[in-house]
Amino acid sequence: MSTGYVSVGWNRQKKWYDRVMLAGILIYLALFLGLSMMMHPNITAETALIRGFGSGALVLLHVILAMGPLCRLDNRFLPLLYNRRHMGVAMFVMGLAHATLAVVQFHGFSDLNPIVSIFVSNANYLSLTQFPFQPLGFFALTILFVMAATSHDFWLANLTAPVWKALHMLVYVAYALLIGHVVLGMIQAESSPLIAILTALGCLIISTLHIWAGSKEKQRDQELAGNGDWVDACSVDDIKESRARVVSIGGERVAIFKYNGKLSAVSNVCKHQNGPLGEGKIIDDCITCPWHGYQYKPEDGASPPPFKERVPTFNLRLKEGRIWVDPKPNAAGTRTEPQLIETENGDQHRDDSFYVGYMPKGPKPVMKRVRSFVVGAMGTGAAVAILFSLTMNPFPAAVFEFGEVREVQGYLKEHPHPHLLVERPGEQGTWSAWYLVNQGKFGAAEAVAPFANNWVSLKGSLIYRDDQTMVELAPGGVKLLKQQPAAPINPVIAGKTQTVRGEIVDSKCFFGVMNPGDLKVHKACAIRCIQGGIPPFLVQRLDDGNVMYYLLTGKDGKSINQEVIPYVAEPLEIKGIVFKKGDMAILEINPKNIKRVGR
Amino acid sequence: MIRQLRGVHRLWWPIAGLAMAALIIAGVFLKQSPQITPVIRSTAAEKNLAELQFEAQTAQGVTTASVRAFSRDNHIFLELTVAAPLKKPDILVYWQTDGSPDLQNAWLLGGLGGGPRSFPLPHGQVKGKLVLFSLAHGESPGNIDLNLGGLL
């Protein structure tokens, strides 16, 4: 505590608190990222970071949310609250890193504002399994931002403790939103049940702790029966020396302190963060709040100068060893005459289990509890990092040669989607078709139109997976070749009507720009890409590990990008005509023949 | 105010706890898994002729590729499997018999996919070299000499 505002009132415990917290975060990230890279060599750095920051923030939020109820259930956990705000801010920063990377990756580089894209790209709000999970994360992060921004004592003082407290209770809403974000996002994409089990376990532990602590608080709030104006609160012997007994009178908790042969009563609510003064201790003749060590004189409820905080006081009477309390509070800071009592010798220092952060050393029982919590939290975090990294879906070998520009030559075709025919060596004179796309989430139709049906040289970066190849064109990278031999013949093998089961993906991400580039977690990005003109593919997964790739077109090879958007990233059954054009497998469909086959 | 907030807390957690539990259960049970299509395999009898391994260059190092030669319906097939993905673009599989440094006279068997793929050998071919060639990188990640003559 300080008389003026400083960014952080550092002391030994705060420094240790932050060191331990940072060590925990770094251990989590190192374990998750290290194991992910080792076990999944094809994972991209962006995906590893997005998952590392996101899961780390969620683990940290569980730790934070466990602290409050644990302190209500056992006050030896109280030192954990001392610097909890730093933990909250650190958790927000991790969440922000997760969100920034995800928004840039999934919603950036398209023709729509990335924030708008979060809400409109996947507009399947009426389906549970296809529900857009990213807006839930956005709202949760907004709440966490408001909390982090107002975490300083400046805001606490200016908003007043009750308003600040109510605002910060929105963390419960943020938690529920994040559970929804995980359930409707990652859990829908991952084949391992581990994330679902861990999420359910975390949710169960946090909910149980809060319900348990809430029920204990309810018992404390049982009103004492009054006799006239005054209320029989307790016996003098019920209170330990230098400690208080908390009773609920007239809708307010009153803390009755016994100290140095005297009794005084004040409101139980600390002016700082509404901490429970009655769980504090008399130190240096002052009531000391167990949360952050704010102090008040028991006789008048005023903080010692130069501090200015004040709490209401209550009048007391003693009758035959019983303490009676006047339920009408005095104005904050009003002096009341302490009731005098007889004390036994040596009674004054009977209870030493109290500690706040600015005290030099914590008592053993308290520190033991704090250590057990820290070890438990770190162990849980490490276990989550290890299990999560080991059980993620396999990452396929899909490559984007980002930043590596190559020059290739071939015959440029515009339809059904822009592609370059590159001659293969060998006797038969066949051609590889390399699809062409623009940078960002854009197709190359406009860029290549002036060069269509010509021999060209083009510069770009390769994207490839299995037997599919794509080139992301460098700006201005297409040039006509001087020599224009005859156009190549890419033979068409007549098609037949087939029903193919699979998933519609945007080929650019699926072929290698993102990994994973499919399933629910990638849905919004795939929609943006297909909307921007990236060729849509139906991918059919075979049980021998191969994937069949079908370029989706409408009748006569017309683009059907807009028509397939409602079906992206869902299990589908599509009836259409399958035919081959060189090495391109094309599925010509009527969008009316797309059928959802998921539950 | 504090008692009101405590009341909100007491009300929130049982409701939110139940709602989150219901959401997790619904999310798990209604989850849509990607579909796996079974491959229609030939019912004709296969006769294994040989199984050989060779080293193939990947983008990061070296891996093992294996070739299984088998006959079916009087045709010889080569089934090619790589232990780790080669991570090279547009890998084509050739059958070369003339030993020339380029592939101009070689037979193109097909493209290499993500899983094992079988390629029929050109009619009458039993001795030659199986060559992998990345068209976009213009390099060969690996090759192996095969002589199936004595095995038929």
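Since this is a predicted model, take the numbers as computed values, not measurements. (Residues numbered from 1 in each chain as written. Chains lettered and ligands numbered in written order. Predicted model: local features only at pLDDT ≥ 70, side-chain atom pairs only at ≥ 80, totals over all residues. Heavy atoms only, no water.)

Student: Just to check I follow, could you spell out the pattern of salt bridges for this structure?
Tutor: Opposite charge on two side chains permits them to pair, given that their charged atoms come into close proximity. Residue and element names in this part refer to chain A. What the rule picks out here adds up to 28 salt bridges over all chains. As a salt-bridge pair, Arg72 and Glu217 come within 3.1 Å of each other at their nearest N and O atoms. Note that Arg72 is positioned in helix 2 (residues 45-73) and Glu217 in helix 10 (residues 194-220), a separation of 145 residues in sequence. With respect to burial, Arg72 and Glu217 carry one shared label: buried. Here Asp74 and Arg369 are joined by a salt bridge, their closest N and O atoms 2.3 Å apart. With Asp74 in the loop between helix 2 and helix 3 (84-107) and Arg369 in helix 11 (residues 364-391), this pair connects stretches of sequence that are 295 residues apart. You can call Arg369 partly exposed: its relative accessible area is 28%. (Salt bridge = Lys/Arg side-chain N within 4 Å of Asp/Glu carboxyl O. Helix = DSSP H or I, 4+ residues; strand = E, 2+ residues; numbered from the N terminus. Buried < 20%, exposed > 50% of the residue type's maximum accessible area, 1.4 Å probe, protein only.)

Student: Looking at this structure, I do not really get the environment of Val247 of chain A. What am I missing?
Tutor: With respect to the helices and strands, Val247 of chain A occurs in strand 3 (residues 244-249). In sequence terms Val247 of chain A and Asp232 of chain A are 15 residues apart; their C-alpha atoms lie 9.9 Å from each other.

Student: What's the story with the sheet that holds strand 9 (residues 139-147) of chain B in this structure? I'm lost.
Tutor: Either a parallel or an antiparallel arrangement is found when strands of a sheet pair, and the pairing is made through backbone hydrogen bonds. Residues and elements named next belong to chain B. Spatially, the four strands line up as an open sheet ordered 6-5-8-9, and their pairing is antiparallel. Among the strands making up the open sheet, the edge pair consists of strand 6 (107-111) and strand 9. Going from strand to strand, the sheet's axes swing by 20 degrees on average, the running direction of each strand aside. Pairing analysis gives six bridges linking strand 5 (residues 91-96) to strand 8 (residues 127-134), with the strands arranged antiparallel. Across the sheet, Tyr94 pairs through a bridge with Val131, a residue of strand 8. (Pairing = 2+ DSSP bridges. Axes fitted to C-alpha atoms, helices over the stretch in contact; angles between N-to-C directions.)

Student: Before we go on, may I ask you to explain the sheet that holds strand 7 (residues 286-288) of chain A in this structure?
Tutor: Within the open sheet, the three strands sit side by side as 6-7-8 (chain A). Their pairing is antiparallel. On the outer flanks of this sheet lie strand 6 (281-283) and strand 8 (295-296) of chain A, each paired with one strand and no other.

Student: Which parts of the structure should I look at to understand a nonpolar patch on the surface?
Tutor: All names here are of chain A. A cluster of nonpolar side chains, namely Trp16, Val20, Ile27 and Met378, defines an oily patch on the protein surface of about 340 Å² accessible area. Take the nonpolar patch: its biggest share by element is three residues, from helix 1 (residues 12-39). Looking at where Met378 falls in the secondary structure, it is placed in helix 11. The class of Met378 is partly exposed, set by a relative accessible area of 32%. (Patch = residues over 30% accessible without salt bridge, like charges linked within 9 Å, V, L, I, M, F, W, Y side chains within 5 Å. Areas by Shrake-Rupley, 256 points an atom, 1.4 Å probe, with all protein chains shown as cover.)

Student: Explanation requested: empty space enclosed by the protein in the structure shown.
Tutor: Rolled over the atoms, a probe with the dimensions of a water molecule shows which regions are left empty. For the structure shown, the criterion picks out five cavities of 30 Å³ or more. Its boundaries defined by the atoms lining it, the largest cavity holds a volume of some 970 Å³. Looking at the largest cavity, it is lined by 41 residues, and the ones nearest its centre are Arg84, Lys165, Met169, Tyr172 and Trp291 of chain A. Every element with two or more residues in the lining of the largest cavity is listed here: helix 2, helix 3, helix 5 (134-149), helix 7 (161-168), helix 8 (171-184) and helix 10 of chain A together with helix 1 (2-29) of chain B. Taken together, the residues of the lining of the largest cavity sort by class into 21 nonpolar, twelve polar and eight charged. A volume near 120 Å³ is recorded for the second largest cavity. Every residue lining the second largest cavity is counted, 15 residues in all, and those nearest its centre are Gln130, Leu519, Ala569 and Pro571 of chain A together with Gln32 of chain B. Broken down by class, the residue content of the lining of the second largest cavity amounts to four nonpolar, seven polar and four charged. (1 Å grid on protein atoms, 1.4 Å probe; cavity = no way out; pocket = protein on both sides within 12 Å on 5 of 7 lines; lining within 4 Å. Points joined across faces, edges and corners; volume = space filled by probe spheres on them. Nonpolar A, V, L, I, M, F, W, Y, C, P; charged D, E, K, R; others polar.)

Student: Where do I start with the confidence of the model for chain B in this structure?
Tutor: Parts of the model with low pLDDT should not have their predicted coordinates read in detail. Residue-level pLDDT values for chain B average 91, and 98% of them are 70 or greater. Note on the complex model: pTM 0.90, ipTM 0.94. (pLDDT = per-residue confidence, 0-100.)

Student: Where do I start with the interface of chain B and chain A in this structure?
Tutor: For interface size, the figure often reported is the accessible area lost on association. Each partner contributes residues to the interface: chain B has 53 residues there, and chain A has 76 residues. A buried area of about 5600 Å², summed over both sides, lies between chain B and chain A, and 60% of it is on carbon and sulfur atoms. Looking at the side of chain B facing chain A, the largest losses of area belong to Trp13, Gln32 and Gln35 of chain B, adding up to 14% of the total buried there. Viewed at the interface, chain A and chain B are joined by two salt bridges. Ionic pairing is found between Asp467 of chain A and Arg117 of chain B, a salt bridge with its closest N-O pair at 3.0 Å. Taken together, the links from chain B to chain A amount to 22 residue pairs in polar contact (both at pLDDT 80 or more). For the side of chain B that touches chain A, the elements supplying multiple residues, two or more each, are helix 1, strand 1 (36-37), strand 5 and strand 6 of chain B. If one sorts the elements of the side of chain B that touches chain A by residue count, helix 1 of chain B sits on top with 18 residues. The residue inventory of the side of chain B that touches chain A, partitioned by class, reads 31 nonpolar, 13 polar and nine charged. The pairing of strand 20 (residues 536-542) of chain A with strand 1 of chain B spans two bridges and is classified as parallel. Along strand 1 of chain B, the bridge assignment pairs Arg541 of chain A with Ile36 of chain B. (Contact = heavy atoms within 4.5 Å. Buried area = accessible area lost by both parts, 1.4 Å probe. Polar contact = N/O pair within 3.5 Å; in protein donor to acceptor, adjacent residues only side chain to side chain.)

Student: Is there a simple way to explain the packing of helix 1 of chain A against helix 2 of chain A in this structure?
Tutor: Helix-helix packing is described using two parameters, namely the angle between the two axes and the distance between the axes. Residues and elements named next belong to chain A. At a minimum axis separation of 10 Å, helix 1 and helix 2 run at an interaxial angle of 140 degrees. Here helix 1 runs over helix 2; the crossing is right-handed. Along its contact with helix 1, which presents Tyr17, Ile25, Tyr28, Leu29, Phe32, Leu33 and Met37, the element helix 2 presents Ala45, Ala48, Leu49, Arg51, Gly52, Phe53, Ser55, Gly56, Val59, Leu60 and Met67. Tallied by class, the residues present in the contact of helix 1 with helix 2 amount to 14 nonpolar, three polar and one charged. (Left-handed = near helix turned anticlockwise from the far one by under 90°.)

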